[in-house]
Structure formats: structure tokens, C-alpha cells
Amino acid sequence: MHLAANLSDLCLDLWRGTIDCGLTDDVATWDWAVLRDAETWSAHGESVERAGPYLPPSFDRKPRNVAEKINTGYKTWEFQLYMFGLGPALLYNVLPRQYWANYCKLVRGFQLMCQHVITTQDLQQANVLLCAWEREFELIYYQLREDRLHFVRPCVHQTNHLVAETIQKGPPVCYAQWTMERTIGNLGQEIRQPSRPYANLSREGVRRCKVNTLLSIMPDLDEPPKGLPEGSIDLGDGFALLRKRDRYMFSPDGAAAQAMRNFIGDGRELPRIKRWARLLLPNKQIARSAWREMTKPLDQTRMSRNVKLQYDGQIRFGEVLYFTRLSVEADIDDDRNWRFADVAIICLYSLPDEDLLQISSQTVVSCSRLADICVVDVKQILSVVAMIPHTPRLPSGVTEARFFMMEKPGLDISPLSGYAANINPLEDNDNAPDVE
């Protein structure tokens, strides 16, 4: 089975107090079983469901209300987004501090190991976190008691082997259950003769290996990738502007206009612009804009306008208001007099709360929304992220409305301290008279 599902089952069984209790043990003494209370469990499930509209479509299936659906086919991917994405923020100040901090170490180590590209530094950090989690787990839950030995399921020790296996075989995503299930499904679809199914399956496997080997030697034989939809603009390096866009040009005003003046330089005339709704990123995610997303109610939206970007030498997060192309003077060595600067107009979030970031092992990235508007080159955008509202009581004692950041599992995650998207040109098809 999937490691993510096994770990999720174990943690929830403990926190809900549904794991087997020995005759010499007493559930009433389990101070970690805070989700035994029906109201607390129900409220937690609702908070998971409320987070759904803030998860971009590129995150695939959003997790449902875990309190209502946990026994009715809750998917492994839902568990991964819930337990290893939303969980640390939603369980902050719900789980007692030592159990929550221990859980955050598991989440951060697991997030590092889910990346498609894992650096040596990531492996070292993941090894420290996962080893610390396992040791602490045994001390605070199992407590070396014979009647709690069943708390230490095989998945607890399996996490300790992830780093060693990665050094030997590569990132776990290459040989995880997801990959195996997809391959088995693909090969099964190719079997056309019902007799001798296993012999046919073996032949299809051999044929697949031969085709893959040939394509690796001669990539030109592969089918060419699909082109961009009509009306889009290829910006190079895997970036592309996608419609909708304004039908008519207009002169920007307000804070956005001032940010554009700062970007192109004082004393230069601010050009008229057309807004663009979407941007295709090299990782195949599609960043959208508040300009178009806010035309729909929240319950009909999978918010994709929040992005991770490089800004002033730092990793920052922001809400894209819209994309546009500014006509600016070309560089001195350019034969043209003018060129387009492809930019995003972004409302920034604050830097994460450093104390909360530290005690959560960098799993709760809690920011407040600023009034600052900036203009950045679209190629400084790294990925689409979720920014989910919450109202935590910070370690400083302040309680305020904030947003916590969540990244899609598998993408490179950000050291913040010290799915291919479907490019559908009709997905924003409201046929408004002022857009095309």
C-alpha cells in the first residue's frame, strides 16, 4: 500500500483514539487523542473541506471532509494533500504541542522525499527529521510499553529507510506505488486477447521496454508535443501567455500604474496595456489572475492566482492581479527600438512568521496579505501555490487573520528559513464583450 495512506491511518487512529487499546491501558490517559471529541473531529473535517476552493486544479483531487468521508473511499491522494499539506496548519493549537511538533517533523521529511529532484542537502535534512520523528514517536506514544507495541507499525520504520533507498535507487517517486499502479494499468489496457493473459502481459512489457529504449536513442521518433492554443504567445523557456485578454487597450491607474512606472523607470511615459488572464509555467502549471478568477463565486473556483516567485533575491509569495506586456526601450545591443517586457502585477504577502516557521519545521508558512503592489518579470514566477486563510494564535501571542502556504507534492519546495495542466482555451468562456 501507499506509505502516505499507512502513515495517515496510523496518525488518525491515534489522534481519534480508535487504535486498539490493551487491557492494561486506558484511552482516557491518551492526551494525544484530541479528535475523540465528536465536535472537535467534525469541526476539523469542515476546515479541511473549506480549504478545497483554495487548492489549484494542478493539485488534482482536493481532499473532502475527512470527518464524513474517511470510511467511504477517501483516496490516497486526498490523504497526501490533507496529512502532508494542510494538516500542520489545521492541527496547530488542536494537537498538544509536543505531538504537533513531532508530526511536523514527519511532514517536512516526507515533503522533501516527495520531490522529483532531491539534493544532497535535502537528503541530509530529511534524514535528520525522519530519524528524530521515529525516535520521538516511540517515546511519546509507544513509551516502551508492551501493551502499546502495536502502535509501532511497519510504516514507522519504513520512513527511516527512505533516504538510504533514495541514495541507492533515486527519488522515491520513480518507484512509488503511484508509478507501479499507473504502469500496471497501462499494460493491462493494452491486452486485447483474453486467453493466456500473463503471457500477453509479459510480451507487452517487453514491447514497452523496446519502444522506450528506441525513443531514448532517437527522440525524434516520438510524437511531437502539442502546440499552444490559438491566441497564446510563447515567451520562451517554457513560459506562455494564455487568453483571455482585454479586447481594447487602456491606461492603468492607481497603485498598479505607480508600480509600472517604478518598473520601467521614472520619466518614461506609461504605455497603454491589455491585461492577460493566464500564464503557462515550465512545470506545466497554469497561473491565473484575480482579474478573471474573481468573476466567479468561490464555491465554483479552484484558486490558481497565488504564486511563488523570486523577488529582491528572496522567495516570496503573491497574488497575481493580472499579466500584461509593457512596451519599453530595447537594450543598447538590440537592433529594435522597442521591446515587450512581459510582467505580472502582483500583490505581495508578507514574509512568513519566523517563530511559527521554526517550531513547525518549516511546514506552516503563515503570511499576511500586504497592500504592496509590485511588477515582476513573469520568468521570476516559480510555481503556483495555495494560500489558505486561517486565524492562528502566533507564538508571539497575537491572534490575527492570515494565510498559510501549501505547495503541490512533488515540486521543489522552498527552504524559507536562513501534473501537467490542461491548457483549455475555453475554460474561461464567459464571452464578455470587453475580452477576447
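About the thresholds
Residues numbered from 1 in each chain as written. Predicted model: local features only at pLDDT ≥ 70, side-chain atom pairs only at ≥ 80, totals over all residues. Heavy atoms only, no water. Helix = DSSP H or I, 4+ residues; strand = E, 2+ residues; numbered from the N terminus. Buried < 20%, exposed > 50% of the residue type's maximum accessible area, 1.4 Å probe, protein only. Contact = heavy atoms within 4.5 Å. Expected span 1.5 Å × (residues − 1). Pairing = 2+ DSSP bridges. Phe/Tyr/Trp six-rings, centres within 6.5 Å; stacked < 30°, edge-to-face > 60°. Lys NZ or Arg CZ within 6 Å of the ring centre and 35° of its normal. 1 Å grid on protein atoms, 1.4 Å probe; cavity = no way out; pocket = protein on both sides within 12 Å on 5 of 7 lines; lining within 4 Å. Points joined across faces, edges and corners; volume = space filled by probe spheres on them. Nonpolar A, V, L, I, M, F, W, Y, C, P; charged D, E, K, R; others polar. Axes fitted to C-alpha atoms, helices over the stretch in contact; angles between N-to-C directions. Parallel < 35°, antiparallel > 145°, perpendicular 65-115°, else oblique. Left-handed = near helix turned anticlockwise from the far one by under 90°. Patch = residues over 30% accessible without salt bridge, like charges linked within 9 Å, V, L, I, M, F, W, Y side chains within 5 Å. Areas by Shrake-Rupley, 256 points an atom, 1.4 Å probe, with all protein chains shown as cover. Salt bridge = Lys/Arg side-chain N within 4 Å of Asp/Glu carboxyl O.

> Explain the environment of Lys 69 residue by residue, including any values.
Turning to its location among the elements, Lys 69 is positioned in helix α3 (residues 66-69). Under the relative-accessibility criterion, Lys 69 is labelled partly exposed at 33%. In this structure the C-alpha to C-alpha distance between Lys 69 and Gly 45, which are 24 residues apart in sequence, comes to 9.0 Å. Apart from residues lying up to four places away in sequence, Lys 69 is in contact with Arg 64 and Tyr 74.

> Account for helix α1 (residues 3-16), with residues named and values stated.
Over its 14 residues, α1 runs 20 Å from end to end, which matches the ideal 20 Å to within 8%, given 1.5 Å per residue. The buried fraction of α1 is high, at 10 of 14 residues. When we look at burial in α1, the residues that qualify are Leu 3, Ala 4, Ala 5, Leu 7, Ser 8, Leu 10, Cys 11, Leu 12, Leu 14 and Trp 15. In the segment just after α1, Gly 17 is the residue with positive phi, at about 70°.

> Lay out the pairing of strand β11 (residues 386-390) in plain terms, naming residues and giving numbers.
Within β11, four of the five residues are buried, which leaves the element mostly enclosed by the surrounding structure. Sheet topology places β11 next to strand β12 (residues 402-406); five bridges connect them, and they run antiparallel. For Met 387, the partnering residue across the bridge sits in β12 and is Met 405.

> Residues and numbers for unusual backbone geometry, please.
With an omega dihedral of 20°, the bond running from Arg 243 to Lys 244 counts as a cis peptide bond. Looking at the secondary structure, you find Lys 244 in strand β2 (residues 239-245). Here Gln 362, not a glycine, exhibits a phi torsion of approximately 65°, which is positive.

> How would you explain the packing of aromatic side chains if you had to name every residue and give the values?
Scanning all chains against the criterion turns up 13 aromatic pairs. Seen from their ring centres, Tyr 74 and Phe 79 are 4.9 Å apart, and the 65° between their planes marks the pair as edge-to-face. Note on Phe 79: relative accessible area 5%, which makes it buried. Ring centres of Phe 84 and Phe 110 lie 4.2 Å apart, and the angle between their planes is 20°; this geometry places the pair in the stacked category. With a gap of 26 residues between them, Phe 84 in helix α4 (residues 76-90) and Phe 110 in helix α5 (residues 97-113) connect regions that are remote in the sequence. Neither Phe 84 nor Phe 110 differs from the other in exposure class; each is buried. An aromatic cluster of at least three residues, connected via ring pairs, comprises Trp 30, Trp 32, Tyr 99, Trp 133, Phe 137, Tyr 141 and Phe 151. Over the ring of Tyr 322 we find Arg 275, and its NZ or CZ is 6.0 Å from the ring centre. The ring of Trp 291 has Arg 292 sitting right over it, with the charged end atom 5.1 Å from the ring centre.

> Just give me the short version of empty space enclosed by the protein, but keep the residues and values in it.
Of the volumes computed, that of the second largest cavity is approximately 40 Å³. Taken together, Cys 11, Trp 15, Asn 102, Tyr 103, Leu 106, Trp 133, Phe 137 and Tyr 141 make up the lining of the second largest cavity. Secondary-structure elements contributing two or more residues to the lining of the second largest cavity are α1, α5 and α6 (120-142). Across the lining of the second largest cavity, the residue classes tally to seven nonpolar, one polar and no charged.

> How would you explain the packing of α1 against α6 if you had to name every residue and give the values?
Two elements in contact, α1 and α6, have axes whose closest approach is 14 Å; the angle formed by their N-to-C orientations is 25°. As far as their axial angle goes, α6 and α1 are roughly parallel. Handedness of the crossing formed by α1 with α6: left-handed. The residues of α6 that touch α1, namely those facing Leu 7, Leu 10, Leu 14 and Trp 15, are Trp 133, Phe 137 and Tyr 141. Taken together, the residues that form the contact of α1 with α6 break down as seven nonpolar, no polar and no charged.

> A description of a nonpolar patch on the surface should follow, citing residues and the corresponding values.
A cluster of nonpolar side chains, Leu 214, Ile 217, Met 218 and Leu 221, forms an exposed patch at the surface whose accessible area comes to about 410 Å². Structurally, Ile 217 is set in helix α10 (residues 197-217). A relative accessible area of 62% places Ile 217 in the exposed class.

> Describe the pairing of strand β1 (residues 233-236), listing the residues and the values that go with them.
Walk down a regular strand and you will see the side chains alternate between the two sheet faces. Bridge analysis of β1 against β2 gives three bridges, and the strand direction is antiparallel. Looking across to β2, one finds that Ile 233 is bridged to Leu 241. Linking two consecutive strands that pair antiparallel, namely β1 and β2, is a turn of two residues; a positive phi of about 60° is found at Asp 237 within it.

> Outline the sheet that holds strand β8 (residues 365-367), supporting the account with residue identities and numerical values.
Taking strand neighbours across the sheet as the criterion, the three strands line up as β8-β12-β11 in an open arrangement whose pairing is antiparallel. The two strands at the open ends of the sheet, each matched to only one other strand, are β8 and β11. Neighbouring strand axes in the sheet, compared pairwise and without regard to direction, differ in orientation by 35° on average. Relative to the sheet, α4 contacts β11 and β12, its axis offset from that of β12 by approximately 155°.

> Explain the pattern of salt bridges residue by residue, including any values.
Counted according to the given criterion, the structure contains 16 salt bridges. The shortest N-O distance in the salt bridge between Arg 153 and Asp 13 comes to 3.1 Å. Taken together, the residues Arg 153 in the loop between α6 and α7 (154-158) and Asp 13 in helix α1 connect sequence positions 140 residues apart. For Arg 153, a relative accessible area of 24% corresponds to the partly exposed category. Glu 165 is the partner of Lys 169 in a salt bridge, and the nearest nitrogen-oxygen pair spans 2.9 Å. Within this pair, Lys 169 and its partner Glu 165 are both found in helix α8 (residues 162-169), separated by four residues, close to a single helical turn. For Glu 165, a relative accessible area of 30% gives the class partly exposed.

Shape is all these values report; function is a separate question.
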